[in-house]
Amino acid sequence: MKYFGVIDHEHLDNAVFLTALAQALDRFNYSEHHYILLHGDSEYTDRIIQSGVMREEAMRRSIRGLNNRLVALLADEGISAIGLNGFQRKLIVRENEEIRVDTDYLDGLPTSPVWLISSLIQDLDRDERVPLALSELTSILCKSLAIDRVYLFARTEDNLFDEVDPGKNHPWDTLDEDFIETYIPADFQQYRGPIRLTTAKNFGDTESEQMYIDIG
């Protein structure tokens, strides 16, 4: 089974979250499934900007650095992972305002290790590597890889499963704004594709319906 999750901006600098995620991958036998994790930049971008680097270049450095750091962090927890930036092998390219994904390559990746893919893609028109918005790239990858639901991680775990019934599907238009602002990652509060909202420690747990919330 293929598990596609997104580590959003806020969670990338959260060491406790990342450790819990690594432990979940181990607990749910990551090597027997096909785990793909997508990420963009984090607050590390702002720290690079403070050194005098322009924002887009800072984002490029941040995303590439984070890809390497995530691989190392997972390795420290005993998880085998390989990092890929979207621009590598022209995996994800933009040309004439259209995004193309090398789906044959992605579908052919072995189930082990975990694959960490960054949102830094190749813009052929500009001949540059550019960051793509996480929500936009998520939508494109879900369609390209025929993924029904993307896993997102709640902004906070406090009372998450008390707010709405877990294990049931909730259309976006039935959720109140307070729930969206409190629990949906900021990068995805305008996203309206199907998601599975969960927590780091429950990523990949499909046996217990009480550990996730389907939306959309």
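Scroll up a little and you will see the structure.
Each residue is numbered by its place in its chain's sequence as written, counting from 1. For a predicted model such as this one, the threshold for reporting local features is a pLDDT of at least 70, and the threshold for listing and counting side-chain atom pairs is 80 or more; totals across whole chains, interfaces and linings nevertheless cover every residue. The side-chain quantities take in all heavy atoms of the structure and omit both hydrogens and water.

J.: What should I look at first to understand the nonpolar core in this one?
T.: Generally speaking, a soluble globular protein has its nonpolar side chains buried in company with each other. Note on terminology: a nonpolar core comprises buried Ala, Val, Leu, Ile, Met, Phe, Trp, Tyr and Cys residues joined through side-chain atoms within 4.5 Å. In this scheme, a residue with accessible area under 20% of its type's maximum is buried, one over 50% is exposed, and one in between is partly exposed, where area comes from a 1.4 Å probe on protein chains only. Core analysis: the biggest nonpolar cluster contains 39 residues, and Phe 179, Ile 184, Leu 197 and Ile 215 have the highest contact counts within it. By the criteria applied, helices consist of DSSP H or I runs no shorter than four residues and strands consist of E runs no shorter than two, each listed in order from the N terminus. When contributions to this core are tallied by element, the ones reaching two or more residues are β1 (2-7), β2 (34-39), β6 (114-118), α5 (134-144), β9 (150-153), α7 (177-183), β11 (195-198) and β12 (213-215). Once you skip the residues sitting within four places of it in the chain, Ile 215 turns out to touch Arg 149, Asn 169, His 170, Trp 172, Leu 175, Phe 179, Ile 184, Gly 193, Pro 194, Ile 195 and Leu 197. If you look at the next biggest cluster of nonpolar residues, it comprises 25 residues, including Ile 7, Leu 18, Ala 24 and Leu 66. Should any heavy atoms of two residues lie within 4.5 Å, those residues are counted as being in contact.

J.: What is the right way to read the sheet that holds β6 from this model?
T.: What links the strands of a sheet is backbone hydrogen bonding, and the strands pair in either a parallel or an antiparallel sense. Between any two strands, at least two bridges found by DSSP are needed for them to pair. Strand order in this open sheet of 8 strands is β3-β6-β2-β1-β9-β11-β12-β10, and the pairing throughout is mixed. Strands at the two margins of the open sheet, each flanked by one partner only, are β3 (81-85) and β10 (169-170). In terms of strand pairing, β3 meets β6 through 5 bridges, oriented parallel. What sits directly across from Ile 82, in β6, is Trp 115. Where helices are involved, their axes are fitted lines through C-alpha atoms of the stretch in contact, as for all axes, and angles between N-to-C directions lie from 0 to 180°. In the packing of α5 onto the sheet, the strands contacted are β1, β2, β6 and β9, and the crossing angle to β1 comes to about 170°.

J.: What exactly am I supposed to notice about the sheet that holds strand β4 (residues 92-95) here?
T.: Within the open sheet, the 4 strands sit side by side as β5-β4-β7-β8. Their pairing is mixed. Strand pairing shows two members of the sheet lacking a second neighbour, β5 (98-101) and β8 (128-131), which therefore form its edges. Within this sheet the neighbouring strands show an average axis-to-axis angle of 35°, counted without direction. One ladder, built from 4 bridges, connects strand β7 (residues 120-123) with β8; its direction is antiparallel. Residue pairing in the sheet places Asp 123 in a bridge with Glu 128 of β8. Strands β7 and β8 of the sheet are contacted by helix α3 (residues 55-76), whose axis makes an angle of about 80° with β8.

J.: Explain the pairing of β7 to me, please; I cannot follow it from the model alone.
T.: Working note: regular strand, side chains alternate between the two faces of the sheet. Alternating positions in β7 separate into two faces, Leu 120 and Gln 122 on one and Ile 121 and Asp 123 on the other, with burial throughout. In this structure, β4 lies alongside β7, joined through 2 bridges in parallel fashion. The residue bridging Arg 94 from the neighbouring strand is Asp 123, located in β7. Here β7 folds back onto β8 in antiparallel fashion, the turn holding 4 residues, of which Asp 127 has a positive phi close to 55°.

J.: Would you mind going over a negative patch on the surface with me for this structure?
T.: A cluster of acidic residues, Asp 162, Glu 163, Asp 176, Glu 177, Asp 178 and Glu 181, forms a negative patch on the protein surface. Where the negative patch is concerned, the elements lending two or more residues are α6 (160-163) and α7. For the negative patch, the leading source of residues is α7, giving 3 residues. Structurally, Glu 181 can be placed in helix α7. Two joining distances apply to patches: 9 Å for like charges and 5 Å for nonpolar side chains (Val, Leu, Ile, Met, Phe, Trp, Tyr), and every residue must have over 30% relative accessible area and no salt bridge. Residue burial considers only the protein chains on display, and all accessible areas are found by Shrake-Rupley using a 1.4 Å probe. Salt bridges, as used here, are contacts in which a Lys or Arg side-chain nitrogen is within 4 Å of a carboxyl oxygen on Asp or Glu. When charges are counted, Lys and Arg are positive and Asp and Glu negative, with His and the chain ends excluded. One atom stands in for each charge, and that atom is NZ of Lys, CZ of Arg, CG of Asp or CD of Glu.

Nothing here speaks to function; it is all geometry.
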